[in-house]
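The lines below spell out each chain.
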Amino acid sequence: MKIYKLHTPENGISCIYSDNNKLDCLNFRRHYWKNMDDSKPFENWEPLHFYTNSSINKRKKVYNILHHNVIFVIVDEKSKKVMEEKFSDCIQFLEVINDDDLSNKYYLLNPFRSIDALDIDKSECDLVLNSRIPSSIYKYVFKNDVDYYPIFKLKYEGAVYNFIMYATDEFKDFIESNGITGLVFEELYDFNG
């Protein structure tokens, strides 16, 4: 099995929070952080508004998964239906409104499962001052004795410490075999070698 870090391509459409939101990005994180630490879906969701900056989409290609920010990505209706059927035990889809495109439906992809899977002692990383919480990771080493979800966030000592999404071969293969575009899978670790 391999573990991947998920990215969205830089030439995709960037999604930006709209002023129509009741929660700004910082308050959004504070509001839902406990759910992330507890590996629970978000509750009492009010749809977020966003608009797009398509000027950086140099190829004018349409992606199923759009770049949002360091917290989440936005997916189209097709992607939601396909992924939700297979991964409902670890992914939540939250309605968002594209102020530039009110005729189509979009969703935040929230991989709500988080696991303590990083072997801090064997990985190469910088730690937050006076703690063992990683701030930057240069070489990942994952634990063998962990049950991995197909898509997840990392936590350490019971708390999610960043918003990076990670995935296994199962998730990568599913995305590629269903023709869902917009995600880049950066291989971080191979348990076989």
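Computed from a predicted structure; not experimentally measured. (Residues numbered from 1 in each chain as written. Predicted model: local features only at pLDDT ≥ 70, side-chain atom pairs only at ≥ 80, totals over all residues. Heavy atoms only, no water.)

Draft legend 1. Main features of the environment of Lys172. Relative to the elements of secondary structure, Lys172 occurs in helix α3 (residues 169-177). If we ignore the near neighbours within four places in the chain, the residues touching Lys172 are Tyr4 and Phe185. (Helix = DSSP H or I, 4+ residues; strand = E, 2+ residues; numbered from the N terminus. Contact = heavy atoms within 4.5 Å.)

Draft legend 2. Structural view of the packing of aromatic side chains. Tallying each qualifying case throughout the model produces 14 aromatic pairs. Here the aromatic cluster, defined as three or more aromatic residues joined through ring pairs, consists of Tyr140, Phe142, Tyr148, Phe152, Tyr166, Tyr189 and Phe191. In this arrangement the basic side chain of Lys80 is found over the ring face of Tyr107, its NZ or CZ atom lying 5.0 Å from the centre. (Phe/Tyr/Trp six-rings, centres within 6.5 Å; stacked < 30°, edge-to-face > 60°. Lys NZ or Arg CZ within 6 Å of the ring centre and 35° of its normal.)

Draft legend 3. Structural detail: the side chain of Lys153. Looking at where Lys153 falls in the secondary structure, it is placed in strand β11 (residues 151-156). Residue Lys153 is classed as buried on the basis of its relative accessible area, which comes to 2%. Only 3.4 Å separates the side chain of Lys153 from the side chain of Asn110, close enough to count as a polar contact. Setting aside chain neighbours within four positions, we find Lys153 in contact with Met36, Phe72, Asn110, Pro111, Arg113, Ser114, Ile115, Val160, Asn162, Phe163, Ile164 and Tyr166. (Buried < 20%, exposed > 50% of the residue type's maximum accessible area, 1.4 Å probe, protein only. Polar contact = N/O pair within 3.5 Å; in protein donor to acceptor, adjacent residues only side chain to side chain.)

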